[in-house]
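Take a look at the letters that make up each chain.
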Amino acid sequence: MSISSNLGLKNKKINKKEIVDLLNTENKDIIQLMSLANDKQEKNEITYSKNVFIPLTEVCRNYCGYCTFRKDPNDPKTIILKDKNEVIHSLKKSEKYACTEALFTFGEEADTEIIVKNALKEKGFENMVEYVYDICETTLNKTNLLPHTNAGVLSYEAMKTLKEVNVSMGMMLENSSKRLTKTIAHENSPGKDPKLRIKTIANAGKLKIPYTTGILIGIGETKEEIAESLLEIKKLQEKYGHIQEIIIQNFKSKPGIPMEKQREPSLFDMIRTVSVAKLLFDDVSIQVPPNLNHDTNQIFLLCGADDWGGVSPISHDYVNPDSPWPEIEELERLTMEGGFVLKERLAIYDKYINEDYLNEKLLKKVLSLKNSCKRNFN
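Okay, so let's go over this structure. (Residues numbered from 1 in each chain as written. Predicted model: local features only at pLDDT ≥ 70, side-chain atom pairs only at ≥ 80, totals over all residues. Heavy atoms only, no water.)

### Some thoughts on the environment of I248
The residue I248 is located in strand β6 (residues 243–250) in this model. Judged by its relative accessible area of 0%, I248 is buried. Here the alpha-carbon distance between I248 and M270, two residues 22 residues apart in the chain, equals 7.9 Å. Aside from chain neighbours lying at most four places away, what touches I248 is I215, L230, M270, T273, V274, A277, I286, Q287, V288 and P289. (Helix = DSSP H or I, 4+ residues; strand = E, 2+ residues; numbered from the N terminus. Buried < 20%, exposed > 50% of the residue type's maximum accessible area, 1.4 Å probe, protein only. Contact = heavy atoms within 4.5 Å.)

Below you can see the structure in the form of structure tokens.
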């Protein structure tokens, strides 16, 4: 089919059938699809955030078939609850590398495990939300970093509490398909119920929390389910306008996981999905994790991807520990070779730096950071 003549993508909304057709694009139409997506790049800039990745606990209620983050609570090597002094040490070290984002993660509902609950009580906290709040507040008071928390499904009240000390938050939708909850990917993961995750993203919108979400491809989903997932995110964005970036993340096989023999998505799968995401979202950055696509990173810049995500000069990706981030210098080279300019950004995008999305303390902190740094943040 002729993409531009049959769909008129530049001038109309794309429906589910058309998205599925695009996700099945072949031959020269793939190049045309990339070109249409690339034409939607309004700026010649590719952004990234310099961060430090700190997992506060590796205990999680979910047993995802592709995950290496979650650890056994009984394993002596597992992070049950990272000590606050250790967190502060990491934050101070990251300041020396000019990091501006403190990415805090923890396993979903980790405090339902008695070993985590006891560790929290020893420190004087009732639950993980209280502890994370304290960590984020300390980050704001004692460092130049801005907290961004990613903790999976959270209640409205928990998000309302954490909004006070976070400039942004995030959680991957992954996929909106209920069918996947009965497959090896999510059959032992109650927190991957799409209704719970959609509700969490919607609550972030109601609370005006600048938010990161996205989809994970290659976990057994169909093209129709990819289309439905993207349209679900689109619906949330149209209603609330709080989604600042969408991640298109590819499944990576790792030794020892239940999905070790699962086929990874192909380069064409990624090209088509990234391009479609760009065509669907006019006001949201499209991000492809650079550490998961070392040999193919640059091609996604021609599909409309305009953000590398968080990149750390001092900590590794605890979700994908076998996939190191590229050095900032390497990221700049990759960007410039494509004819783009690499620009550093904060954990919150500029259009959300206002009193509608940030309380007085956070707004003052963000503006102070932008004004005091010699770097020209995007």
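### Some thoughts on the environment of L154
You can see L154 is positioned in the loop between β3 (146–150) and α7 (156–163). With relative accessibility at 13%, the residue L154 sits in the buried group. Put simply, L154 and L280 are 126 residues apart on the chain and 27 Å apart in space, counted from C-alpha to C-alpha. If we skip the residues at most four places from it in the chain, L154 touches M159, L162, M169 and T200.

### Structural notes on the pairing of β6
Consecutive residues of a regular strand have side chains that alternate between opposite faces of the sheet. Of all the 8 residues making up β6, 8 are buried; the element is thus mostly covered by neighbouring parts of the structure. For the segment spanning strand β5 (residues 211–217), helix α9 (residues 223–240) and β6, crossover handedness is right-handed. Two strands pair when backbone bridges link them, and β6 and strand β7 (residues 285–287) are joined in this way by 3 bridges, in the parallel orientation. By the bridge assignment for β7, I247 is matched with Q287. One crossover worth recording links β6 to the parallel β7 by way of helix α10 (residues 267–280), and it is right-handed. (Right-handed = clockwise from strand over helix to strand, strands pointing away. Pairing = 2+ DSSP bridges.)

### As for unusual backbone geometry
Despite not being glycine, E109 has its phi angle at roughly 50°, a positive value. Tracing the backbone shows E109 in the loop between β2 (101–106) and α5 (114–122).

### With respect to the side chain of T25
Mapped onto the elements, T25 comes out in the loop between α2 (16–23) and α3 (28–38). Judged by relative accessible area, T25 falls into the buried class, the value being 4%. Among the polar contacts listed, one links the side chain of T25 to the backbone oxygen of L22, at a separation of 2.6 Å. (Polar contact = N/O pair within 3.5 Å; in protein donor to acceptor, adjacent residues only side chain to side chain.)

### Digging into the packing of aromatic side chains
Enumeration over the complete set of coordinates arrives at 2 aromatic pairs. Here the aromatic rings of F125 and Y131 are separated by 5.2 Å at their centres, their planes lie at 70°, and the arrangement is edge-to-face. Here the two residues F125 and Y131 agree in accessibility, since each one is buried. For the pair Y352 and Y357, a centre-to-centre distance of 4.8 Å together with 80° between the ring planes defines the contact as edge-to-face. The two residues Y352 and Y357 agree in class, both being buried. The residue whose ring lies beneath R70 is Y63, and the NZ or CZ to ring-centre distance is 3.8 Å. (Phe/Tyr/Trp six-rings, centres within 6.5 Å; stacked < 30°, edge-to-face > 60°. Lys NZ or Arg CZ within 6 Å of the ring centre and 35° of its normal.)

### With respect to helix α12 (residues 328–337)
Listed in full, the buried residues belonging to α12 are I328, L331, L334 and T335. The buried residues of α12 occupy an angular sector of 120° when the element is viewed end-on, so they sit on one face. Among the exposed residues of α12, those pointing more than 90 degrees away from its buried face are E329, M336 and E337. In the core, the buried residues of α12 are packed alongside β1 (45–57), α11 (297–301), β8 (307–311) and β9 (341–344). A positive phi of about 85° marks G339, the residue just after α12. (Arc of directions from axis to C-beta.)

### Quick notes on the nonpolar core
Counting residues in each nonpolar core, the largest one holds 92 residues, and the members touching the most others are F104, L230, I248 and V274. Contact partners of F104, with chain neighbours within four places excluded, come to I54, L56, V87, L91, I135, C136, T139, P147, H148, T149 and N150. (Core = buried A, V, L, I, M, F, W, Y, C linked by side-chain atoms within 4.5 Å.)

### Describing the pattern of salt bridges
In this structure the tally under the stated criterion is 26 salt bridges. The residue E228 makes a salt bridge to K16 at a minimum N-O spacing of 2.4 Å. Taken together, the positions of E228 in helix α9 and K16 in helix α2 put the pair 212 residues apart, joining distant regions of the chain. Here E228 falls in the partly exposed class, since its relative accessible area comes to 32%. As a salt-bridge pair, R272 and D269 come within 3.4 Å of each other at their nearest N and O atoms. Of this pair, R272 and D269 both sit in helix α10, 3 residues apart, which is roughly one turn of the helix. Judged by relative accessible area, which is 11%, R272 ranks as buried. Look at D269 and you get buried, because its relative accessible area is 10%. Several salt bridges converge on common partners, so that one network encompasses R61, E108, E109 and R197. (Salt bridge = Lys/Arg side-chain N within 4 Å of Asp/Glu carboxyl O.)

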